[in-house]
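The lines below spell out each chain.
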Amino acid sequence: QVQLVESGGGLVQAGGSLSVSCAASGYTFRNYNAAWFRQAPGKEREFVAAIVWSGSTYYADSVKGRFAIATDNAKNTVYLQMNSLKPEDTAVYYCAAYDLGGGKYRYWGQGTQVTVSS
């Protein structure tokens, strides 16, 4: 059974830092690219960051220079380190696994809430 379980969300003041993680199981982790998305109240889900099999990383312009995505293949875990947080970063953060063979995000986590107070 495939599972993506996020953890580490919470409440932080603007300017602070927070790290969220996503533990994957039930599939071959290294065969999928990993990504983070987020969805704020009343808004559509948006891309935040991705890391591909080569180690290359990609970020939304809104988080570039503040967020960092990384994976630990030994632990089947993907991380998102968030620094210099802003109130507009408040959202539910989801991790996702991109199926290289199928060309789509095949698996999703249940999400973890990140709230940034001003």
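A few points on the structure.

Conventions and cut-offs
Residues numbered from 1 in each chain as written. Predicted model: local features only at pLDDT ≥ 70, side-chain atom pairs only at ≥ 80, totals over all residues. Heavy atoms only, no water. Salt bridge = Lys/Arg side-chain N within 4 Å of Asp/Glu carboxyl O. Core = buried A, V, L, I, M, F, W, Y, C linked by side-chain atoms within 4.5 Å. Buried < 20%, exposed > 50% of the residue type's maximum accessible area, 1.4 Å probe, protein only. Helix = DSSP H or I, 4+ residues; strand = E, 2+ residues; numbered from the N terminus. Contact = heavy atoms within 4.5 Å. Disulfide = S-S within 2.5 Å.

## Topic: the pattern of salt bridges
Consideration 1: All told, the structure shown has five salt bridges when counted by the stated rule.
Consideration 2: Across the salt bridge formed by Asp 61 and Lys 64, the nearest N and O atoms sit 3.1 Å from each other.
Consideration 3: Here the residues in one salt-bridge network are Arg 38, Glu 46, Arg 66 and Asp 89, joined through shared partners.

## Topic: the nonpolar core
Consideration 1: Counting 29 residues, the largest nonpolar core has Trp 36, Val 48, Phe 67, Leu 80, Met 82 and Tyr 93 as its most contacted members.
Consideration 2: Breaking this core down by element, the ones donating at least two residues are strand S3 (18–25), strand S4 (32–39), strand S5 (46–51), strand S7 (67–72), strand S8 (77–82), strand S9 (91–99) and strand S11 (112–117).
Consideration 3: Residues in contact with Leu 80, not counting those within four places in the same chain, are Leu 18, Ser 19, Val 20, Trp 36, Val 48, Ala 49, Phe 67, Ala 68, Ile 69 and Tyr 93.

## Some details on the state of the cysteines
Consideration 1: Taken as a whole and assessed by the stated rule, the structure comprises one disulfide.
Consideration 2: Two residues, Cys 22 and Cys 95, share a disulfide whose sulfurs are 2.0 Å apart. Around the S-S axis, the bridge from Cys 22 to Cys 95 shows a dihedral of about 45° and counts as right-handed. Taken as a pair, Cys 22 in strand S3 and Cys 95 in strand S9 lie far apart in primary sequence, 73 residues in all. Grouping residues by exposure puts Cys 22 and Cys 95 together as buried.

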